[in-house]
Amino acid sequence: MEKVFKIKGMHCDSCNWLISENVKEVKGVKSAKADYHKGEAKVVFEPPAQEKQIISAIEKEGGYKVI
């Protein structure tokens with residue numbers, strides 16, 4: 001499954017890296033690519049990964065908020 005998560009609070013390339021790396025730690029995530037220009041992260045995942053786990057990973061650090 002592929003899903004785009006809209007994110008508030010991104011402002012630089014470091015945000016892209018931090019969010020992508022945190023999301024990739026979720027078991028079942030195949031790929032994650034954040035883009036601060038678009039304010040989003042595109043994530044490809046399968047079970048056991050769930051959307052709520054991915055949202056938690058996005059919001060884990062940096063004050064980001066999935067909207």
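All of the points below concern the structure found in this document. Quantities reported herein were computed from a predicted structural model and do not represent experimental measurements.

All right, on to the pattern of salt bridges then. Under the counting rule described, the total for this entry stands at six salt bridges. A salt bridge links Lys 6 to Glu 40, with the shortest nitrogen-to-oxygen separation between them at 3.0 Å. Of the two residues, Lys 6 is situated in strand β1 (residues 2-8) and Glu 40 in strand β3 (residues 40-45); the sequence distance between them amounts to 34 residues. The closest approach of N and O atoms between Glu 59 and Lys 65, which form a salt bridge, is 3.7 Å. With relative accessibility at 28%, the residue Glu 59 sits in the partly exposed group. The class of Lys 65 is partly exposed, set by a relative accessible area of 46%.

Scoring rules and cut-offs
Residues numbered from 1 in each chain as written. Predicted model: local features only at pLDDT ≥ 70, side-chain atom pairs only at ≥ 80, totals over all residues. Heavy atoms only, no water. Salt bridge = Lys/Arg side-chain N within 4 Å of Asp/Glu carboxyl O. Helix = DSSP H or I, 4+ residues; strand = E, 2+ residues; numbered from the N terminus. Buried < 20%, exposed > 50% of the residue type's maximum accessible area, 1.4 Å probe, protein only.

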